[in-house]
Amino acid sequence: MTRAIMLQGTGSDVGKTILVAGLCRLASNRGLKVAPFKPQNMSNNAAVSDDGGEIGRAQWLQALAARTPSSVHMNPVLLKPQSETGSQIIVQGKVFGQAKGRDYQRLKPQLLGAVMDSFARVSEGRDLVIVEGAGSPAEINLRAGDIANMGFATRAGVPVVLVGDIDRGGVIASLVGTHTILPEQDRNQIVGYIINKFRGDVTLFNDGIAAIDAFTGWPCFGVVPWLKAAGRLPAEDSVVLERLVKGNGGALKIAVPVLSRIANFDDLDPLAAEPEVDLVFIRAGDRLPADAGLVVLPGSKSTIADLEEFRAHGWDRELHMHVRRGGRVIGICGGYQMLGRSVADPLGLEGAPRTVEGLGLLDVDTVMAAEKTVRNTRAQSLEQDVPLSGYEIHLGVTEGPDTLRAPIAIDGRSDGASSADRMVMGTYLHGLFSSDGYRRKLLESFGIEGGGRSYRAMVDEALDELASELEQRLSGDWLGRLLR
């Protein structure tokens, strides 16, 4: 019978995703057949799994850490927020429907069967499955019908390790409070806890561990420091962008407008890893920097809504000024759609049916289509003559004269569009900047060096560092039992 352990958090953003990735790599390094699993995820940072459906980007990374092909069953329920109150629901890799928050709460019990089916499939032939919860089990107002935390753990009989984030403060109260308010059945699923993101002398927290033990009786499985290697891995949640406003002072400034429904923003990580690139995230109230050489418009879960927000910030005028100054623009997926003359949604896929004016920097028009394109691809840069790899996740068909200057060929068909002077381009290909040869030639066109190191190799090295750090910091007895 496949063993499993589940990491749940005292809250969101406590570091569960990174810990699961590190444990997956550690188990793989020990020779175990290991796989990640997350019953329910909420993120617009999606990936195309190796079996051809949508999953959270975090589970794709965890599969990479486990050295196993990614599967839709590793994240059977993915919620992609489209508005403040509603999300698109992906079940086992395919669009299931849309629902607002209250409606989804009623829908969850129907999805438990898919979750349990996927867990069984992921477990098959594996020595160990490492499960990640979502949010916190202490959200007892959501316990009825829960499939993300204790609802899954109790149904599947999976023991739980609770993760507390000491960096945000109040970690003792978070752990003890969780123990206090959980019903007895849920509390009994918890076998111990981990303190995460500790800075300084770990021994200074010995009294804290004693206090938690006195209140809960739970053993501490380790105190994990702030893991520097985590900064070199793709982030799951756009909340991280709130901490990434300033660049690093590199020679080439690349500006990225951050909109409310930004999606697949890890497309930018390879650029951020380049020493000569100053990647700056522009937020509401900020102006597009006049000294930026390149502006990148990333993906969006709701192109029309983000386009309207883009205009509301005054960035449309500033982007046109940027182009008139000789600056370049690259739009990816939703960002590509925004660059055209118009975006039409006749079926109301992103809200009410309507057509809106685009930014007008590319002579193309987009019409949203009912069928979503989801696929991994092999591609070629037609301008730079280098191979590319990536994936597509999008609604919509984009056509117009500028597509005759397509910058990319995907699986033998042209993709994207370029302006006549080649200063503005758009593409549906996610992962463009992860291709080392393309990144190198792009940076060379701005007169700087880059792309010398394999970005994928850098991610792999970071995962090995995580595994090594966790092996040192977590309880040898607990790891021994888990990884035997």
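Worth saying up front: this structure is predicted, and the values here are computed from it rather than measured.

Reading the values: rules and limits
Per-chain numbering applies: the sequence of each chain, read as written, is numbered from 1 onward. A pLDDT threshold of at least 70 governs which residues receive local features in this predicted model, and a stricter bar of 80 or more applies before side-chain atom pairs are shown or counted, although totals over entire chains, interfaces and linings include all residues. Excluded from the side-chain calculations are hydrogens and water; all other atoms, namely the structure's heavy atoms, are used. Helix numbers and strand numbers start at the N terminus; a helix is a DSSP run of H or I with at least 4 residues, a strand a run of E with at least 2. Using C-alpha atoms as the atom set, the radius of gyration is obtained and then compared with a globule rule of 2.2 Å times the number of residues to the power 0.38. Exposure categories follow from relative accessible area, calculated using a 1.4 Å probe and restricted to protein chains: below 20% of the type maximum is buried, above 50% is exposed, and the middle band is partly exposed. Lines fitted to C-alpha atoms define the axes here, with helix axes fitted over just the stretch in contact, and angles between the N-to-C directions of these axes take values from 0 to 180 degrees. Oblique is the label for every angle not falling under 35 degrees (roughly parallel), over 145 degrees (roughly antiparallel), or within 65 to 115 degrees (roughly perpendicular). Whether two residues are in contact is decided by their heavy atoms: any pair within 4.5 Å suffices. Only Asp, Glu, Lys and Arg are considered charged, only Ala, Val, Leu, Ile, Met, Phe, Trp, Tyr, Cys and Pro nonpolar, and every remaining residue, Gly among them, polar. Classification of ring pairs uses Phe, Tyr and Trp, with its six-membered ring standing for Trp, and accepts pairs whose centres are within 6.5 Å; under 30 degrees between planes counts as stacked, over 60 as edge-to-face, and the remaining range as tilted. Charge-over-ring contacts are defined here by two conditions on Lys NZ or Arg CZ: a distance within 6 Å of the ring centre and an angle within 35 degrees of the ring normal. One requirement defines pairing of two strands: DSSP has to find at least two bridges between them.

*Asks:* Would you explain the overall build of the protein chain in this entry?
*Replies:* When helices and strands are counted, the protein chain shows 14 helices and 28 strands. Against the 2.2 N^0.38 benchmark of 23 Å for 484 residues, the protein chain shows a C-alpha radius of gyration of 23 Å, consistent with a compact globule. Referenced to the eigenvectors of the C-alpha coordinate spread, the extents of the protein chain come out at roughly 70 × 45 × 45 Å. Burial status across the protein chain gives 58% buried among its 484 residues.

*Asks:* How should the packing of helix H2 (residues 57–66) against helix H13 (residues 455–473) be read in this particular structure?
*Replies:* Helix-helix packing: each pair is described by the crossing angle between the helix axes and the interaxial distance. Relative orientation of the contacting elements H2 and H13 amounts to 75 degrees, with a least axis distance of 10 Å. The angle between the axes of H2 and H13 places the two elements in the roughly perpendicular class. Contact residues: Trp60, Leu61, Leu64 and Ala65 in H2; Arg456, Val459 and Leu463 in H13. A breakdown of the residues in the contact of H2 with H13 according to their chemical character gives 6 nonpolar, no polar and 1 charged.

*Asks:* Is there a simple way to think about the packing of aromatic side chains in this case?
*Replies:* Two aromatic rings, taken as a pair, are described by how far apart their centres are and by the angle between their planes. Counted according to the given criterion, the structure contains 8 aromatic pairs. Where phenylalanine 119 meets phenylalanine 152, the ring centres are 5.1 Å apart and the plane angle is 85 degrees; that geometry is what we call edge-to-face. Taken together, the positions of phenylalanine 119 in helix H3 (residues 101–123) and phenylalanine 152 in helix H4 (residues 150–156) put the pair 33 residues apart, joining distant regions of the chain. Its relative accessible area of 0% is what places phenylalanine 152 among the buried residues. Geometrically, the ring pair formed by tyrosine 336 and tyrosine 428 is edge-to-face, given 5.1 Å between the ring centres and 75 degrees between the ring planes. You can see tyrosine 336 sitting in helix H11 (residues 334–338) and its partner tyrosine 428 sitting in the loop between strand E28 (424–427) and helix H12 (436–444), a full 92 residues away along the chain. Accessibility assignment for this pair places tyrosine 336 and tyrosine 428 in one class, buried. Every member of this aromatic cluster is reached through a ring pair, and the members are Phe37, Phe119 and Phe152. Above the plane of the ring of tryptophan 60 lies arginine 57, whose end atom (NZ or CZ) is 4.3 Å from the centre. Sitting over the ring of tryptophan 226, arginine 199 keeps its end group 4.1 Å from the ring centre.

*Asks:* I keep staring at the sheet that holds strand E9 (residues 128–132) and nothing clicks. Help me out?
*Replies:* Backbone-to-backbone hydrogen bonds join strands into a sheet, with any given pair of strands oriented parallel or antiparallel. Here we have 6 strands laid out as an open sheet, ordered E2-E9-E1-E10-E11-E12, and parallel in their pairing. Either end of the sheet is taken by a strand with one partner, and the two such strands are strand E2 (34–37) and strand E12 (220–225). On average, adjacent strands in this sheet sit at an angle of 20 degrees to one another, irrespective of strand direction. Lying over the sheet, helix H5 (residues 171–181) contacts strand E10 (160–165) and strand E11 (190–198), oriented at roughly 150 degrees with respect to E10.

*Asks:* Even after reading the chapter, I still don't get the pairing of strand E18 (residues 328–332), so can you show me in this structure?
*Replies:* Residues in a regular strand project their side chains so that they alternate between the two faces of the sheet. Taken across its 5 residues, E18 has 4 buried, putting it largely inside the fold. Relative to E18, strand E16 (residues 294–297) is paired through 4 bridges, and the arrangement is parallel. Of the residues in E18, the one forming a bridge with leucine 297 is glycine 331. Note that E18 and E28 share 4 bridges and pair parallel. Among the inter-strand pairings, glycine 331 is bridged to a residue of E28, identified as glycine 426.

*Asks:* It is not clear to me how the environment of leucine 395 should be interpreted in this structure. Could you clarify?
*Replies:* Along the polypeptide, leucine 395 turns up in the loop between strand E23 (386–394) and strand E24 (397–399). Through-space distance from the C-alpha of leucine 395 to that of methionine 368 is 5.6 Å; in sequence the pair is 27 residues apart. Residues in contact with leucine 395, not counting those within four places in the same chain, are Gln337, Leu349, Met368, Ala369, Ala370, Glu371 and Lys372.

*Asks:* Explanation requested: the environment of methionine 74 in the structure shown.
*Replies:* Turning to its location among the elements, methionine 74 is positioned in the loop between H2 and strand E6 (77–81). Sequence spacing of methionine 74 and aspartate 127 is 53 residues, and the spatial spacing of their C-alpha atoms is 15 Å. If sequence neighbours within four positions are ignored, methionine 74 has contacts with Ala35, Pro36, Phe37, Lys38, Gln59, Ala63, Thr68, Pro69, Val122 and Arg126.

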